[in-house]
Every structure is written in structure tokens, then in C-alpha cells.
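# Survey of secondary and tertiary structure
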Amino acid sequence: MEEQKTPAGFKSGYVALIGAPNVGKSTLLNQILREKISITTPKPQTTRNRILGILTEPECQMVFVDTPGIHNARDQFNRILVDTALSTLSEVDAVCFLMDASGSDREVNDFIMENLKRVKSPLILTINKIDTIREKSRLLPLIEYCRSLLPFEAIIPICALSGDGVPELLDEVRRLLPEGPRYFPEDYLTDVPERFLVSEIIREKVFHLAHQEVPYAVAVMVEQFIEEPGRNLIRIEATVNVERDSQKAIIIGKKGQMLKEIGKQARRDIEVLLGCRVYLGLFVRVQKNWRKDRRALLEFGYHPKH
Ligand SMILES: Nc1nc2c(ncn2[C@@H]2O[C@H](COP(=O)(O)OP(=O)(O)OP(=O)(O)O)[C@@H](O)[C@H]2O)c(=O)[nH]1
Ligand SMILES: [Mg+2]
């Protein structure tokens, strides 16, 4: 029904944000929407799911798909993440391939470009973190190299953190998208439920506060989400799942300090997201080696292919 209201000449489509871990895909999604939809951290392999960010304009609807960073996955769990990202390529109307301006991740980028050769939709090369490069001319060899491998429709240097270059990137996306319907109502920013966004905010705080292997062993599940409209309050209870007792001890911290800090920082962001007061109860549970356990993977929303 929504679709019938779109004016003649309306353009729309899905645009994949693809790239190595940590290149700034989620930062770019948030910058495009000017809202925090996808979590970002200085650590690689932060994003684990496909996350839609919808930008609706009078004559165009762009549906950006944030994806997990592509890397040389050595175990089943990481293969799920990489498959999630790669499978997006065949389902979109344009691909925005992000690369770090430093030219790092050469091997992974070659692997991604190999996969992009099969893609029929238009490709945009987006070179991010240009704020870290003093002499822009140093980007030229990188650009030439990529151009020699793939027929990019456009090559756009950006800084996802500040937004530099993002309007130019959006101009290209608008130009390249086909005519099509409005897939989502105009006030939709994403298709993921609030419960998921809440669990992601908690996971982000774990990434910021815990180190080494611990954040990677964490899966967060929101167990209760109860609105008390009369009191302008939402009561949330969530479980932080880890793989081992030693990780549980780290997440709880001395005298519970770590868990308290995770809860404090997460609650602050969740209140901004939901626009009301939040009570946040966090529990830590050991789900032994959940990343290797098919049933647990499914329970936490990760879908192994085999
Ligand atoms: N200097 C600089 N840092 C940036 C820029 N864009 C992103 N970052 C930083 O790079 C780090 C990774 O950003 P993310 O957006 O989480 O990267 P990602 O590509 O989504 O990473 P994965 O989800 O792990 O694949 C964060 O610390 C960001 O603040 C940029 O334009 N300039
Ligand atoms: Mg990400």
C-alpha cells in the first residue's frame, strides 16, 4: 500500500557497505543517518549482523546495509560473519566498498575485490579515514590499483567520523540507484527491533571496557523489556553470555565494578535511544563455548550455513 504513494520517477534501492574489519562501515552508516543505529568500536569484528539504515528523501529512498567486516575467518563463528557480509552482495542495487586510506588490509581487499567481480550492480570505491593522510596524493597509487581491477562507477574519499565527502557519496548513490518503490515508511530509520539495538549498545560497552578475547566471547540477549508508560520508564533485563568462568569474572570485575560500569554507560545511551528513563538489570551467564555450539548460535541469532 505504501508503495502506491511513491511519485513517478522515484528512485530506491539497497546499498551494501562492505569492507575489511574496522574500516568504518558502521561509523559511515551512523553518519549518513545522523543517528546511532550501528555500534562502533576501535576493535575489529565489532558488527556481527546485517543492519539496515534507511534514508528517505522526497525523490529517493536509500537502504544502506551495514555488514560484518570481511576477513580471513578461521573458525565457524567468524565464517558466519563473513558469509553474512558476502551474501549481501548478490541482493543489493549498489555496493559501496570501503577501504582504509592507509592502504592496509591489502590481502583482504584483494579477496573482496575478487568477490566484487561477480557483482552486477554498480560499485563505488569509498576511501575512508582521509583525515589520517596528510598528503592526499598518496592515495593515487591505491586508487590506480583498484581501478585496474574493477570498473568502479565512482571513487570517493571520505571521513566518516566528520562527514567530509559523505554528501558527494550520497550524490553518487542517488545517481546510480534504479527507479523503484519506497520499501519502508518514510519515518523508518532501521528495520531492527529496539530490543536488538539495546543488546548491541550493551555489547558495545563490553567492547570498550573489556579487552583481548573477552568482547569476542560475549553475546547479549535482552530477556525483558517492559514499558511503564505512566512512569515514563522502561524496565530492561539483559543477559551477558560468556564462554568461560574466567570471562565471567572479568565481566563482573572486582566487587562488581566492571558490570556496574557497563550498565551505567549502556543505560545512558539506551535512555537517549528510547527517549525515556530506563532501569537496566544485567546478568552474566556462562554458556560454555557458545560460538562452537550450533544450538546456542541459533539462540543468539547467528545462523550457520551447514
Ligand atoms: N580517524 C578516523 N577514524 C575513523 C573514521 N571512521 C571510523 N573511524 C574509527 O575506526 C574505528 C572502527 O570503526 P567502525 O565503524 O566500528 O568500523 P567497522 O568497519 O564497522 O568495523 P567492523 O564492524 O569491525 O567490521 C572506530 O574507532 C571509528 O571511530 C574516520 O573517518 N577517521
Ligand atoms: Mg561495524
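Our structure's up above, just so we're on the same page.
Residues numbered from 1 in each chain as written. Chains lettered and ligands numbered in written order. Predicted model: local features only at pLDDT ≥ 70, side-chain atom pairs only at ≥ 80, totals over all residues. Heavy atoms only, no water.

## Digging into the sheet that holds strand β7 (residues 219-228)
This is how it is decided: What makes two strands pair is DSSP finding at least two bridges between them. Note on conventions: DSSP H or I runs of at least 4 residues are helices, E runs of at least 2 residues are strands, and numbering of each starts at the N terminus. A fitted line through C-alpha atoms serves as each axis, taken over the contacting stretch for helices, and the angle formed by two N-to-C directions is quoted from 0 to 180°. Only heavy atoms matter for contacts: two residues are in contact if any of them lie within 4.5 Å across the pair.
Here we have three strands laid out as an open sheet, ordered β7-β8-β9, and mixed in their pairing. Every other strand in the sheet has two partners, leaving β7 and β9 (277-286) as the edge strands with one partner each. Adjacent strand axes in the sheet meet at a mean angle of 15° when their direction is disregarded. For β7 and strand β8 (residues 233-242), the ladder comprises nine bridges, and the chain directions are antiparallel. What sits directly across from Gln224, in β8, is Glu237. Sheet strands in contact with helix α7 (residues 245-252) are β8 and β9, and its direction is about 155° off that of β9. Packed on one face of the sheet, helix α8 (residues 257-274) meets β7, β8 and β9 and runs near 140° to β9.

## Here's the deal with the site of ligand 1
Let me state the cut-off plainly: We define proximity as follows: a residue is near a molecule or strand when any one of its heavy atoms falls within 4 Å of that partner. Here a polar contact means two N or O atoms within 3.5 Å. Within protein one must be a hydrogen donor candidate and the other an acceptor candidate, and residues neighboring in sequence count only if both atoms are side-chain atoms. Per-residue accessibility takes into account occlusion by the displayed protein chains alone, with areas from the Shrake-Rupley method and a 1.4 Å probe. For this scheme, ten residues count as nonpolar: Ala, Val, Leu, Ile, Met, Phe, Trp, Tyr, Cys and Pro. Four count as charged, namely Asp, Glu, Lys and Arg, and the remainder, Gly too, count as polar.
In the neighbourhood of ligand 1, 23 residues make up the surrounding shell, with Lys25, Thr27, Gln45, Thr46 and Thr47 lying closest. Within the backbone of Gly24, a nitrogen or oxygen atom sits 2.9 Å from an oxygen atom of ligand 1. Contacts to ligand 1 include Thr41, whose backbone N or O atom sits 3.3 Å from an oxygen atom. Surface burial for ligand 1 is 89%, taken as the share of its 650 Å² of free accessible area covered by protein chains. Examining the composition of the shell around ligand 1, we find that three residues originate from one element, helix α1 (residues 25-33), more than from any other. A class-by-class count of the residues in the shell around ligand 1 yields seven nonpolar, twelve polar and four charged.

## Here's the deal with the coordination of the magnesium ion (ligand 2)
Filter applied, for reference: Coordination here is defined by N, O and S atoms within 2.8 Å of the metal (3.2 Å for Na, K and Ca), and since water is not considered, a site can look incomplete. A simple rule labels every residue: compare its accessible area, found with a 1.4 Å probe on the protein chains alone, to the largest value its type can have, and call it buried under 20%, exposed over 50%, or partly exposed in between.
At the metal site, the magnesium ion (ligand 2) is ligated by Ser26 (OG) and Thr47 (OG1), and these contacts range over 2.0 to 2.1 Å. Pair noted here: Ser26 is in helix α1 and Thr47 is in the loop between α1 and β2 (51-57), with a separation of 21 residues, a long-range link. Under the relative-accessibility criterion, Ser26 is labelled buried at 8%. Owing to a relative accessible area of 7%, Thr47 belongs among the buried residues under this scheme.

## Considering unusual backbone geometry
Unusually for a residue other than glycine, Gln212 sits at a positive phi of about 50°. If you trace the backbone, Gln212 turns up in the loop between α6 (194-209) and β7. On the basis of relative accessibility, which here comes to 72%, the residue Gln212 falls in the exposed class.

## Details of the environment of Arg175
Note on placement: Arg175 falls in helix α5 (residues 166-176). Distance from Arg175 to Cys60, taken between C-alpha atoms, is 10.0 Å for residues 115 residues apart in sequence. Leave out the neighbours within four places in its chain, and Arg175 touches Lys11 and Glu153.

## Let's talk about the side chain of Ser121
Among the secondary structure elements, Ser121 is positioned in the loop between α3 (106-116) and β5 (123-128). What makes Ser121 buried here is its relative accessible area of 12%. In this structure the side chain of Ser121 is engaged in a polar contact, spanning 3.3 Å, whose partner is the backbone oxygen of Val92. Not counting residues within four places of it along the chain, the set of residues in contact with Ser121 comprises Val92, Asp93, Ala94 and Val95.

## Observations concerning the side chain of Asn128
On the secondary structure map, Asn128 appears in strand β5. A relative accessible area of 3% means that Asn128 is categorised as buried. There is a polar contact of 2.8 Å between the side chain of Asn128 and the backbone oxygen of Val23. A distance of 2.9 Å separates the side chain of Asn128 from the backbone nitrogen of Ala160, its partner in a polar contact.

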